[in-house]
Amino acid sequence: MNRPIFITGIGTGVGKTLAAAVITEALQANYWKPIQAGLDEGTDTETVRSLISNTNSVIFPELYRLKTPASPHIAARMDTISIDVQAIKEKTKQLLLQSGQKPLLMEGAGGLLVPIADDWKIADLVKLLDAKLILVSRNYLGSINHSLLTAACCKANNLSVAGWIFTDEFGNYQDEIVEWSGYPSLGSIPKLGILDKATILHQANKLHDSLTGHLLLQP
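What comes next is a walk through the structure. (Residues numbered from 1 in each chain as written. Predicted model: local features only at pLDDT ≥ 70, side-chain atom pairs only at ≥ 80, totals over all residues. Heavy atoms only, no water.)

## What to know about the packing of aromatic side chains
The relation between two aromatic rings is expressed through the spacing of the ring centres and the mutual angle of the planes. Inclusion rule: Centre distance within 6.5 Å is the pairing criterion for rings of Phe, Tyr and Trp, where only the six-membered ring of Trp is used; planes under 30 degrees apart are then read as stacked, over 60 as edge-to-face, and the remainder as tilted. We call a charge positioned above a ring when the Lys NZ or Arg CZ atom is no farther than 6 Å from the ring centre and deviates by at most 35 degrees from the ring normal.
With the rule as written, the count across this model stands at 1 aromatic pair. Seen from the ring of Tyr183, Lys155 lies directly overhead, with NZ or CZ sitting 5.4 Å from the centre.

The structure is reproduced here in structure tokens:
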């Protein structure tokens, strides 16, 4: 059975869902976001579904759909429900079996230290699932610090990191983040003026070989 691929970011609003759409398209992977917090402005699952062109990817529905756009543990509390991490693990096993030879791309909420339940953070879930981790870093003032803190968290938790996806354009310091973190670059997605299927397909084609090499051809 394949290991899941889990995508996280150095914070909120760094282009994690954009990167997820590109990766899903590039690998013709199946996509699953287990926890969605905030429904009024649409969901990340709906966004990915609207942006991919291939007909092989299956977009699985969320396990938890929370109304409040907040940390999952807060949103769940406000919805008076409890997030069961073991249920996410069991569902992941089921979806991996269902996916067969296709990769399963999972999207987290926010960054690695976002709480999802009592004593459980995103980093703990990644470790529980033995997932390959993709880190998304958006170029902005302060992102070097946030990126290296994320890398330090990965090392402290002994997480399996496949590499970085860089988004947006601010300064040319991706190479320093790669060098200082010790994690390779999987590719960059520039600031996109138009966000549609054609744009995502173009970016997916650009990153296809790198993503395949780092995610599918390595254990």
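## Notes on the pairing of strand 9 (residues 132-138)
Keep this limit in mind: Per-residue accessibility, obtained with a 1.4 Å probe over protein chains only, is compared with the maximum for each type, and a residue is labelled buried under 20%, exposed over 50%, and partly exposed between these values. Think of it this way: any DSSP run of H or I at least four residues long counts as a helix, any run of E at least two long counts as a strand, and we number them from the N terminus. At least two DSSP bridges between two strands are required for those strands to pair. Consider the strands pointing away from the viewer: the crossover is right-handed when the path from the first strand over the helix to the second runs clockwise.
Of all 7 residues that make up strand 9, 6 are buried, and the element is covered over most of its length. Summarising the sheet, strand 9 and strand 10 (residues 160-167) pair through 7 bridges and their orientation is parallel. Paired with Leu133 across the strands is Val161, a residue of strand 10. For the crossover from strand 9 across helix 6 (residues 143-156) to strand 10, the handedness is right-handed.

## Topic: the packing of helix 1 (residues 16-27) against helix 2 (residues 44-51)
Inclusion rule: Every axis in this analysis is a line fitted to C-alpha atoms, fitted for helices over the stretch in contact. Angles between the N-to-C directions lie between 0 and 180 degrees. Each angle is binned into one of four classes, with values under 35 degrees roughly parallel, values over 145 roughly antiparallel, values of 65 to 115 roughly perpendicular, and all other values oblique. A clockwise turn of the near helix away from the far one marks a right-handed crossing, whereas an anticlockwise turn of less than a right angle marks a left-handed crossing. Contacts are residue-level and defined by heavy atoms, with any inter-residue pair within 4.5 Å sufficient. By the convention adopted, Pro, Cys, Tyr, Trp, Phe, Met, Ile, Leu, Val and Ala count as nonpolar, Lys, Arg, Asp and Glu as charged, and the other residues, Gly among them, as polar.
At their nearest, the axes of helix 1 and helix 2 sit 9 Å apart, and the two run at 45 degrees to each other. Accordingly, the angle class assigned to the pair helix 1 and helix 2 is oblique. Once helix 1 is placed against helix 2, the crossing between them reads as right-handed. Each of Thr17, Ala20, Ala21, Thr24 and Glu25 in helix 1 lies in contact with helix 2, whose residues at this interface are Asp44, Thr47, Val48 and Leu51. Its residues assigned to classes, the contact of helix 1 with helix 2 comprises 4 nonpolar, 3 polar and 2 charged.

## Topic: the sheet that holds strand 2 (residues 30-32)
If you walk across this open sheet you meet the 7 strands as 4-2-6-1-9-10-11, and the pairing is parallel. Whereas interior strands pair on both sides, the edge strands pair on one side only; in this sheet they are strand 4 (59-60) and strand 11 (185-189). The pairing of strand 1 (residues 5-9) with strand 6 (residues 104-107) spans 3 bridges and is classified as parallel. The residue of strand 6 that forms the bridge with Phe6 is Met106. Against the sheet, helix 7 (residues 174-181) contacts strand 9, strand 10 and strand 11, and its axis sits at roughly 165 degrees relative to strand 10.

## Details of helix 8 (residues 197-216)
Just so we agree on the cut-off: Take the residue count of a helix, subtract one, and multiply by 1.5 Å to get its expected span. We define the bend at each residue as the angle formed by axes fitted to the 7 residues ending at it and the 7 residues starting at it.
Taking 1.5 Å as the rise per residue, helix 8 with 20 residues should run 28 Å; its terminal C-alpha atoms sit only 24 Å apart, a clear shortfall. Of all the bends found along helix 8, the most pronounced is centred on Leu207 and spans about 55 degrees. Along helix 8, the positions that sit buried rather than exposed are Thr199, Ile200, Gln203, Ala204, Leu207, Leu211, Thr212 and Leu215. Tucked inside the fold, the buried residues of helix 8 contact strand 1, helix 1, helix 2, strand 9, strand 10 and strand 11.

## Things to note about unusual backbone geometry
Phi is positive for Asp119, which is not a glycine, with a value near 65 degrees. On the secondary structure map, Asp119 appears in the loop between strand 7 (115-117) and strand 8 (120-121). Overall, Asp119 belongs to the exposed group, its relative accessible area being 75%. Although it is not a glycine, Asn158 sits at a positive phi angle of roughly 55 degrees. Considering the arrangement of structural elements, one finds Asn158 in the loop between helix 6 and strand 10.

Coordinates in, geometry out; function isn't part of it.
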